[in-house]
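What follows is the residue order along each chain.
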Amino acid sequence: MSHSAIIPQSLVWKNAFLEILDQTQLPGKETYISLYNPEEVREAILALKVRGAPAIGIAAAYGLCLVKPDQDSELDYIERLEEAYQRLSTSRPTAVNLNWALKRMMRVLETLSSDISPVRIHQALIAEAERIHEEDKRLCQLIGENGRSLIPDQAHILTHCNTGSLATGQFGTALSVIYHAHLQGKNPHVWVDETRPLLQGSRLTAWELMRAGICHTVITDSMAAWVMKKKKVDIILTGADRVTQNGDTANKIGTYALSVLAKHHGIPFYVALPSSTYDHSLSHGDDIPIEERDATEVRSTGNTLTTPVSSPVFNPAFDITPGRFITGFITEKGVLYPPYEQSLPVLADTSEK
Ligand code: MRU
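Along every chain, residues carry numbers that run from 1 in the direction the sequence is written. Selection of residues for local features in this predicted model requires a pLDDT of at least 70, selection of side-chain atom pairs for listing and counting requires 80 or more, and totals for whole chains, interfaces and linings are taken over all residues. Water and hydrogen atoms play no part in the side-chain values, which are based on all heavy atoms of the structure.

S.K.: Where do I start with the sheet that holds strand β8 (residues 242–243) in this structure?
M.R.: Pairing between the strands of a sheet comes from backbone hydrogen bonds, and it takes one of two forms, parallel or antiparallel. Paired strands are those between which DSSP finds at least two bridges. Each helix is a run of DSSP H or I of at least 4 residues and each strand a run of E of at least 2, with the numbering of both proceeding from the N terminus. Taken together, the three strands give an open sheet; going across it, the order is β8-β9-β13, and neighbouring strands pair in antiparallel fashion. Only two strands of the sheet have a single partner each, and these edge strands are β8 and β13 (318–321). Pairing geometry for β8 and strand β9 (residues 249–252), over two bridges, is antiparallel. By the bridge assignment, Val-243 is partnered in β9 with Thr-249.

Structure (structure tokens):
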């Protein structure tokens, strides 16, 4: 079976609009929606219709392409682009990929001569967004190829949240490693953390693994410790939303707990990321902004209230795993080991984040 038959596309550029697979409807419904302006892209990012660090960067880049050069407006094209840039860049704070992609798009303007027409600028922006998208697909494939040797035959792998094609241009990060180990005939089995409160593990990762024919079992997050003790977990693989110079890693809430459990049980804990997720401007994780989301996400499951409506709720979407708890980082440049201040800078590009 071809890759495209089993690997979902989270987003597709259609020139006049951006088409995304609405991830809030999965696994029940495969609904594609069309986004026609940057504000619709911002709302889709906020609502997690498109989500995952690399995917929101790609979506935001295409969002700028939805500022039309020929529109009747008080503001000129560049002013409208800058306004869209501000709106998109403040949609979600934790994943650095979002601002990395937007800044890369805006740098295109600096490379063009000042008398160039809005139509030509628009064409250059579309070309840059498509490059960001294609590069991410290639980097995710390399992550999978670089990481698969870490996976023993018949391995039991535990993963958290969703790090697959849905979260990236294609293949994913941690899930790309699993997918490539599977293609090599290693026959992995995956413990899929449900990932409360929004269930990216049970709704999205299980759906992707099912389509790829990879053996898996869904558990609730609170079962992970017991599974490590009583069943077999050979390796833990997660993705990342932002990694700092010392290896501190922001990822979906619950990742930190897994890293502590991995240390206690002596299980290798690897994080997979493309270079667009590395933030060379931060020395440690304390400076990473952590998104807090609406209390309703914790208060209810679907439309059913699971908490008294006036109980206070704390809902951080991410946590920080200390670099010292991470065995290694699987990247497009190879697997990087401590000391991270020395190994991670290979991921730094000249682009400011
Ligand atoms: O809130 P989400 O669903 O966007 O969070 C996503 C994650 O935390 C992923 O693990 C991370 O982005 C890695 S994606 C390849």
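S.K.: Help me understand the sheet that holds strand β2 (residues 18–21), please; the structure alone is not making it clear to me.
M.R.: Taken in spatial order, the three strands of this open sheet run β1-β2-β3, and their pairing is antiparallel. At either margin of the open sheet sits one strand with a lone partner, and together these are β1 (11–13) and β3 (32–35). Strand-to-strand twist across the sheet, computed as the mean angle between neighbouring axes with direction ignored, equals 20°. In the sheet, β2 pairs with β3 via four bridges, with the strands oriented antiparallel. Bridge assignment links Ile-20 to a residue of β3, and that residue is Ile-33. Packing against the sheet, helix α2 (residues 38–46) makes contact with β2 and β3, and its axis sits at approximately 140° to β3. Between the N-to-C directions of two axes lies an angle of 0 to 180 degrees, each axis being a line fitted to C-alpha atoms and, for a helix, fitted only over the stretch in contact. We call two residues in contact when some of their heavy atoms are within 4.5 Å.

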